[in-house]
Amino acid sequence: MPSKYDWPAAEKRSLIGKRINRLDGLAKSTGRAKYSYDTNRPGGLTAKLLTSPYAHARVTKIDTGEAERLAGVRAIRVMSPVGTEVQWQGYEIAAVAADTEEIARDAVRKIQVEYEVLPHLVKEEDLSKAGNRTKPSGENTQGNPDQGFSQADVIHEGFYGANVITHCCLEPHGQVAEWDGDNCTVYASTQAVGSIGRELGKVLAADPATANVKPSNVRVITQYMGGGFGSKFSPDRWGIVCAQLARQAGKPVKLMLDRDQELLMAGARPSHFAKVKVGAKKDGTLVAWESESWTTGGMSGAGAAPIPYVIEIPNRKTRNIAVSTNTGPARAWRAPNHPQAAVLTMCPLTDLAAKLNMDPLELFLKNVSLSPRGDVYRAELLKAAELMDWKAKYHAPGKGGNGYLKRGVGLSIHTWGGRGHDSECRLIINPDGSVQAQLGSQDLGTGTRTVIGIVAAETLGLPLSGVQVQIGDSNYPPSGGSGGSTTVGGVSASTRRASVKALDKLLEAVAPGMGTTADKLVAVDGRIQVQGDPSKSLTWKAACAKLGTKAISETGRQPARDEGNLGDSGVGGAQMAEVEVDTETGIVTMRKMVAVQDCGLIIDLKTAESQCYGACIMGIGSALYEEKIYDQQTGRMLNADMEFYKLGGIGDVGEIVVHMMTRDYDQRGVIGLGEPPVISPPAAISNAVFNALGVRIPTIPITPDKVLAALEKGGMA
């Protein structure tokens, strides 16, 4: 028997699943939305960081005297005292708070630091040059790989990889910290309104200067934030020092990273390289896989990509090696390790198809039964092929045209979890008819406000304008951080449950006056009416007026037992890319990208599609342009700016077609969407370039120099 908390049936939905504009769209497009970078508190100071110019060094001397004597300097904190071993360029040494940004920068330059420079490693593509920087980080064997390869009719071996890229948030990391006694308010650019305050409070409590501070003393406010992509969960060392400087100076302090610092130390997606061996029968049946992979996430290394990806090839053996490098820390980047896994799996499978003289679409369709959701992938691949016109556009590798411009198509599939995180929503119905939905959540730009508003309005039978969504403040009920594509599943479930409970209370209050019982009443089109009899009804405001002076306040939680099956985990997607390659210049131009994706019940189709468009654009950037480029001799990043760290622009992405799988998929409830569609673009684009040229560019990004080098090596004119 269905629960009253379950999502309404499709024929009873007035808002859910429709294309609805973002609630904050006007505020953002007009500039009224204020981000952390826009926050300037009365009497506030500006803070700047002194960072290490070396990739690996030991601090031997630090003198802040001259900086302290500079007029306008209000506080200085040494973050890396003498003896500290610095592990990457950009490592924080000291912080200065001053009356103006110019004074803070002058003071940073006046801090005198001496270093003992130590050996470094900043490039890891060639594992033979990593020396003692390597260590095993995982090995797994399933079935009998040797026997599997002995049964294979065709075996392919190759090298593949994805280089390090940064998150490149357009609003850099940072915050404003302001004290009132032992209470600290932090205006942070964060993905985790509910947790960074607790983390910051614990650190401050351990500092003698702020020993009276408890985690509950720290309030975090994030009304708007400009991108995170997995990098903005922690208060970070600069967030901690910002609060400490504010306490020391007795004034609010604003510390936002400069662009070069943002790219150097605020997070990166790890590299991943692999030597792959894969075997199949003549008919394309996959029988064996073997790979040795290596990856880096700075000094700590990084986790292994889940290869072979999606398709669970029988008889497989994998071995991964972690490489420590002096390149700054890795952070979760929108589907951690999955984009790399797609490159390391989908590219060798496409090359294997070429050896078999098979269309790779046929190879994938034949083997998707080896995945956990084979029927879903089959349907998605066939839909993508239809939208791409794959049958007409696919050709044998290297047969992409007679002139210097070659066209090709490629494909990839992907998966993700996306189960909703823990969330708590407080839904308030006031006697004047106004409604507030309150959650300590955040909106990264994905439409969280809008989703919450849609769910509450749908449940209460109101227009979207009838619900005021209040998020971005840790004083509201706690809700999880926005990571792992868990936010929409979490907040929609808690909002649904809170809204149902609050509506039940309202119906109980008005039922006697309407001569019926609460179970006979429904909320629809801004009215409370007897089910099946619109003539017996009250307007929403008239119904709420029956509450007298006391508002209804109800709380819904995710997860919750016996309160509806509102979400699930596990989605699939298929993507296809069409490219044009100039064999004279090596430039790859995107012609078309098709993204077919399932994600369970879609709350707002417009923002769901927008998620896929944005993911495709990000994926195109990582496939063709983005890379942290380091100089091995000096250990320095050569493109820590927006001039040479290139992001894809509107002229670089081509046509993007998005198709959301709905109907039968709705029955699973809400599943997260933020990460899945960003996984496949690099692999699909790499495969399209291979199809165009007939030679493989083994690593992404696929830059012109790599294309020309591969063409020269491959002997193609």
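Definitions and cut-offs
Residues numbered from 1 in each chain as written. Predicted model: local features only at pLDDT ≥ 70, side-chain atom pairs only at ≥ 80, totals over all residues. Heavy atoms only, no water. Axes fitted to C-alpha atoms, helices over the stretch in contact; angles between N-to-C directions. Helix = DSSP H or I, 4+ residues; strand = E, 2+ residues; numbered from the N terminus. Parallel < 35°, antiparallel > 145°, perpendicular 65-115°, else oblique. Left-handed = near helix turned anticlockwise from the far one by under 90°. Contact = heavy atoms within 4.5 Å. Nonpolar A, V, L, I, M, F, W, Y, C, P; charged D, E, K, R; others polar. Phe/Tyr/Trp six-rings, centres within 6.5 Å; stacked < 30°, edge-to-face > 60°. Buried < 20%, exposed > 50% of the residue type's maximum accessible area, 1.4 Å probe, protein only. Lys NZ or Arg CZ within 6 Å of the ring centre and 35° of its normal. Pairing = 2+ DSSP bridges. Right-handed = clockwise from strand over helix to strand, strands pointing away. Domains from an automatic or database assignment. Core = buried A, V, L, I, M, F, W, Y, C linked by side-chain atoms within 4.5 Å. Expected span 1.5 Å × (residues − 1). Arc of directions from axis to C-beta.

On to the packing of helix α8 (residues 338-355) against helix α9 (residues 360-367), then. Between α8 and α9, the shortest axis-to-axis distance is 9 Å and the interhelical angle comes to 115 degrees. The angle between the axes of α8 and α9 places the two elements in the roughly perpendicular class. Seen along the crossing, α8 lies across α9 with a hand that is right-handed. For the pair formed by α8 and α9, the contact residues are Met346, Leu349, Thr350 and Ala353 on the first element and Pro360, Leu363 and Phe364 on the second. Residues that form the contact of α8 with α9 fall into these classes: 6 nonpolar, 1 polar and no charged.

Per the stated rule, a full pass over the model turns up 7 aromatic pairs. Measuring from ring centre to ring centre gives 6.1 Å for phenylalanine 159 and tryptophan 294, while their planes differ by 20 degrees; the resulting arrangement is stacked. Placement of phenylalanine 159 in strand β8 (residues 154-162) and of tryptophan 294 in strand β16 (residues 286-296) is noted, with a sequence separation of 135 residues between them. A residue is classified by how much of its surface remains accessible, and tryptophan 294, at 2% relative accessible area, is buried. Counting every residue linked through ring pairs, the aromatic cluster contains Phe159, Phe273 and Trp294. Above the ring of tryptophan 333, the side-chain terminus of arginine 269 is found at 4.7 Å from the ring centroid. In this structure, lysine 646 is placed above the aromatic ring of tyrosine 625, and the distance from its NZ or CZ to the ring centre is 4.8 Å.

This paragraph deals with the sheet that holds strand β22 (residues 521-524). Reading across from one edge, β22-β23-β24 is the order of the 3 strands in this open sheet, with antiparallel pairing throughout. Strand pairing shows two members of the sheet lacking a second neighbour, β22 and β24 (533-539), which therefore form its edges. Sheet twist, expressed as the average angle between the axes of neighbouring strands with direction ignored, equals 35 degrees. Note that β22 and strand β23 (residues 527-530) share 4 bridges and pair antiparallel.

Of the two faces of strand β20 (residues 435-438), the one holding Val435 and Ala437 and the one holding Gln436 and Gln438 are both buried throughout. Two elements, strand β19 (residues 423-429) and β20, share 4 bridges in a ladder whose sense is antiparallel. If you follow isoleucine 428 over to β20, its bridge partner there is glutamine 436. Counting the residues in the hairpin turn of β19 and β20 gives 5 residues, including glycine 433, whose phi is positive at 95 degrees. Bridge count between β20 and strand β21 (residues 468-470): 3 bridges; the pairing is parallel. Each residue of the ladder has a partner; that of glutamine 438, found in β21, is glutamine 470. At this point the chain moves from β20, through helix α12 (residues 448-460), to the parallel β21, and the crossover so formed is right-handed.

The next subject is the packing of α12 against helix α13 (residues 487-510). Contact pair α12 / α13: the axes reach a minimum separation of 9 Å and the direction vectors enclose 30 degrees. Between α12 and α13, the interaxial angle falls into the category roughly parallel. The handedness of the crossing between α12 and α13 is right-handed. Along the contact surface, α12 presents Thr448, Val451, Ile452, Val455, Ala456, Thr459 and Leu460, while α13 presents Thr487, Val488, Val491, Ser492, Thr495, Arg496, Ser499, Val500 and Leu503. Residues of the contact of α12 with α13, tallied by class, amount to 9 nonpolar, 6 polar and 1 charged.

Here the focus is the domain arrangement of the protein. Each domain of the protein was delimited in the assignment, giving domain 1 (36-119 + 168-265), domain 2 (338-418 + 568-713) and domain 3 (420-468 + 483-558). Facing 12 residues of domain 2, the contacting portion of domain 3 comprises 12 residues. The class makeup of the residues in the side of domain 2 that touches domain 3 is 5 nonpolar, 5 polar and 2 charged.

What follows is about the side chain of arginine 13. By the secondary structure assignment, arginine 13 is in the segment before α1 (25-30). With a relative accessible area of 16%, arginine 13 lands in the buried category. Residues within four places of arginine 13 in sequence aside, it is in contact with Pro8, Lys18, Glu458, Leu601 and Asp666.

The strand order across the open sheet built from 3 strands is β4-β2-β6, with neighbouring strands paired in antiparallel fashion. The outermost strands of the open sheet, each flanked by one partner alone, are β4 (85-86) and β6 (112-117). Across 6 bridges, the pairing between strand β2 (residues 57-63) and β6 is antiparallel. When the bridges of β6 are listed, valine 59 appears paired with tyrosine 115.

Time to look at the nonpolar core. Within the largest apolar cluster, 103 residues are counted, with the highest numbers of intra-cluster contacts made by Leu381, Trp390, Ile413, Met660, Ile685 and Leu693. Composition of this core by domain shows at least three residues from each of domain 1 (36-119 + 168-265) and domain 2 (338-418 + 568-713). Filtering out sequence-adjacent residues up to four positions away, tryptophan 390 remains in contact with Asp359, Pro360, Leu361, Ala385, Val409, Gly410, Leu411 and Met576.

Compared with the 21 Å implied by 1.5 Å per residue over 15 residues, the 21 Å span of helix α10 (residues 374-388) between its first and last C-alpha is a close match. Next to the buried residues of α10 lie α9, α11 (390-393), β18 (405-416), β26 (571-582), β27 (588-598) and β28 (655-661). A positive backbone phi angle near 60 degrees is found at aspartate 389, which sits one or two residues after α10.

Residues of helix α17 (residues 704-714) that are buried include every one of Val707, Ala710 and Leu711, and no others. Angular distribution of buried residues about the axis of α17 spans 100 degrees; they occupy a single face of the element. Those residues of α17 that are exposed and aimed more than 90 degrees away from the buried face are Asp705, Glu712 and Lys713. Buried residues along α17 sit in contact with β26, β27 and α16 (681-693).

The next subject is the pairing of strand β25 (residues 552-558). The side-chain alternation of β25 yields one buried face, formed by Ile552, Glu554, Gly556 and Gln558, and one unburied face, formed by Ser553, Thr555 and Arg557. Bridge count for β19 against β25 is 7 bridges, and the pairing is antiparallel. For serine 423, the partnering residue across the bridge sits in β25 and is glutamine 558.

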